[in-house]
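The residues making up each chain are set out below.
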Amino acid sequence: MKKLCMFLTTLFVAAGVNAKVTLPKMFSNGMVLQREAKVSLWGEAKQNATMKIITSWDNRTYLVKADGEGKWKSSVMTPKAGGPFTITFNDGEKTILEDVLIGEVWICSGQSNMEMQMKGFKAQPVTGAIADCLHSTDKQLRMFTVKRNSQFAPVDDVSGSWMEANPGNTREFSATAYYFGRELRQVLGVPVGLIAVSWGGSACEAWMTADWLKAFPDAKIPQTPEDIKSKNRTPTVLYNGMLHPLIGYGMRGVIWYQGEDNVPRYQTYADMLSTMIRGWRSDWNQGDFPFYYCQIAPYDYSLIDWDTNSALLREQQSKVERMVENTGMAVLMDAGLEYGIHPRKKREAGERLAFLALRNTYGIQGIPEHARYESVEFKNDTAVVAFDRSKEWVYFNNGTTSNLFEIAGEDRVFHPAKVWIDRNRVYVRSDDVPHPVAVRYAFRNWADGDLFCDGLPVSSFRTDNW
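Residues numbered from 1 in each chain as written. Predicted model: local features only at pLDDT ≥ 70, side-chain atom pairs only at ≥ 80, totals over all residues. Heavy atoms only, no water.

What the protein chain contains, in helices and strands, is nine helices and 24 strands. Taking 23 Å as the expected radius of gyration for a compact globule of 466 residues, we find that the protein chain reaches 25 Å, a close match to that expectation. Summarising its shape, the C-alpha atoms of the protein chain cover approximately 95 × 50 × 40 Å along the three principal directions. In the protein chain, which comprises 466 residues, the proportion classed as buried is 55%. A total accessible area of about 20,500 Å² is found for the protein chain, and carbon and sulfur atoms account for 49% of it. (Helix = DSSP H or I, 4+ residues; strand = E, 2+ residues; numbered from the N terminus. Rg over C-alpha atoms; globule rule 2.2 N^0.38 Å. Buried < 20%, exposed > 50% of the residue type's maximum accessible area, 1.4 Å probe, protein only. Areas by Shrake-Rupley, 256 points an atom, 1.4 Å probe, with all protein chains shown as cover.)

In structure tokens:
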């Protein structure tokens, strides 16, 4: 028996010494690498072996030495967009990646409204998805879905595979991410790679490290695996299991759709998301890459017995783009669903994220920004509300007035208001409030937003801090 054990041990050691090059799952046939960049590659090979990496787009050879455990990491320079190419890894035995495209790569993360596939959830469809899937075939749009994985400690690999866009594959992919990528493909005309890394119901805290969460004492960091009471809400577990293995993969930026789970803890969300963005940027070590995010869509949270006004979370989200450079928020005030937390209008979500990227990251001219509440002036019995980024003037999408404005006096009691627009200002008044001091617009769980500017909705807002 002892001899058998020694033989097996020797066999396993020998297998490790002569191991063929292995790569994390995202480095595989059909992948997309970020164009015109120094992108990292890593994996395992023979212990202490010097390995060759040969890139077919320039026939250049890179040499990298594996350490005593066989682990290695290197970087290669990518050309302008194009492909397909091959990458050859040779430590005495060749591993060849084929059908590699060079283009634009984006990480697509968040909770259920990012995870929600084109096929929708049960009895919860995505508007227009059947026809959009049918017409989705595009060999230069590639999609990778990271499978759910909750972990106590950081892991080094993910489960998933690269897929070309076609009716069958697109149906199984994130709807928000697909519509984002489709818009980039159509405008930029280069290959696009989307890596979806999301989990329905996940908390922002789950996508962060323990160090980043030190500033938030209410976040209970698990000290043992037994402390993980929720696979998708416990702090750090999704960073460890799903994001950590991706860190360093060359990409252009991130799109994010999350926040519903944090509604009851809205007070810290602006600071928390800002901390998370800076943390991801620090870990990726490729500068202040763009980070664009969806403001959560309106929904009647009383249906799940939550007594927090979700407009408070939307308000926190709206602060982030002012707090962190190279960020932007896609407003979805007109794309919610009163009786469902998973709105059907995912095309609006994806396209508005794409508008942000195309305008701010790629410099495409002619794309407007969401107008924002800027200031209020009280003139006798009327409040005059002003906006920034509203050169084309605000307007009511459903007519000449709105029933989503409220006004209050010193007693802090809000009353429905009469509203009208003149010269890019919204005028608000009520016979019940002779001396107004505060105005609110759509500042409630559910509202079908009707204040627009240049085709894009304006976020809910309040002028008070009550």
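Having seen the structure, we can now continue with the description.
Now for helix α9 (residues 346-361). Here α9 is 16 residues long and its end C-alpha atoms lie 22 Å apart, about the 22 Å a rise of 1.5 Å per residue gives. All of the buried residues along α9 are Lys346, Glu348, Ala349, Gly350, Glu351, Arg352, Leu353, Ala354, Leu356, Ala357 and Leu358. (Expected span 1.5 Å × (residues − 1).)

In this section: the packing of helix α5 (residues 175-188) against α9. Viewed as axis vectors pointing N to C, α5 and α9 meet at an angle of 45°, and their least axial separation amounts to 7 Å. The pairing of α5 with α9 is recorded here as oblique in orientation. The hand of the α5/α9 crossing is right-handed. When α5 is examined against α9, the residues Ala175, Thr176, Tyr179, Phe180, Arg182, Glu183, Leu184, Val187 and Leu188 are found in contact with a partner set consisting of Lys346, Arg347, Ala349, Gly350, Glu351, Leu353, Ala354, Phe355, Ala357 and Leu358. (Axes fitted to C-alpha atoms, helices over the stretch in contact; angles between N-to-C directions. Parallel < 35°, antiparallel > 145°, perpendicular 65-115°, else oblique. Left-handed = near helix turned anticlockwise from the far one by under 90°. Contact = heavy atoms within 4.5 Å.)

Quick look at the sheet that holds strand β23 (residues 456-457) now. Read across the open sheet, the three strands follow the order β16-β22-β23; overall the sheet is antiparallel. Both outer strands of the open sheet, β16 (394-396) and β23, are each paired with one neighbouring strand and no more. (Pairing = 2+ DSSP bridges.)

Before going further, it helps to examine the nonpolar core. If you look at the biggest cluster of nonpolar residues, it comprises 98 residues, and the most contacted ones within it are Trp72 and Phe405. Ranked by the residues each element gives to this core, the list is headed by helix α7 (residues 269-284), at eight residues. Apart from the residues lying within four places of it in its own chain, the contact partners of phenylalanine 405 are Phe396, His415, Pro416, Ala417, Val419, Val426, Val428, Val439, Arg440, Tyr441, Leu451 and Phe461. Counting residues in each nonpolar core, the second largest holds 39 residues, with Met114, Leu141, Ala175 and Tyr292 among its members. (Core = buried A, V, L, I, M, F, W, Y, C linked by side-chain atoms within 4.5 Å.)

A cluster of nonpolar residues, Leu303, Ile304 and Tyr339, forms a patch on the protein surface that exposes about 310 Å² of accessible area. Look at isoleucine 304 and you get partly exposed, because its relative accessible area is 35%. (Patch = residues over 30% accessible without salt bridge, like charges linked within 9 Å, V, L, I, M, F, W, Y side chains within 5 Å. Salt bridge = Lys/Arg side-chain N within 4 Å of Asp/Glu carboxyl O.)

Moving on, we get to the packing of aromatic side chains. In the structure shown here, the tally under the stated rule is 26 aromatic pairs. Aromatic side chains phenylalanine 387 and phenylalanine 461 sit 5.9 Å apart centroid to centroid with 75° between the ring planes, which places their arrangement in the edge-to-face category. Taken together, the residues span a long stretch of sequence, with phenylalanine 387 in strand β15 (residues 382-388) and phenylalanine 461 in strand β24 (residues 461-462) at a distance of 74 residues. Exposure class is identical for phenylalanine 387 and phenylalanine 461. Each is buried. On the basis of an interplanar angle of 75° and a centroid distance of 6.2 Å, the ring pair of phenylalanine 396 and phenylalanine 405 is categorised as edge-to-face. Overall, phenylalanine 396 belongs to the buried group, its relative accessible area being 6%. Residue class for phenylalanine 405 comes out buried when judged on its relative accessible area of 1%. Among the aromatic residues, ring-to-ring pairing joins Tyr373, Phe387, Phe396, Phe405, Tyr441 and Phe461 into one connected group. Looking at lysine 73, its charged tip hangs above the ring of tryptophan 42, at a distance of 5.3 Å from the centre. (Phe/Tyr/Trp six-rings, centres within 6.5 Å; stacked < 30°, edge-to-face > 60°. Lys NZ or Arg CZ within 6 Å of the ring centre and 35° of its normal.)

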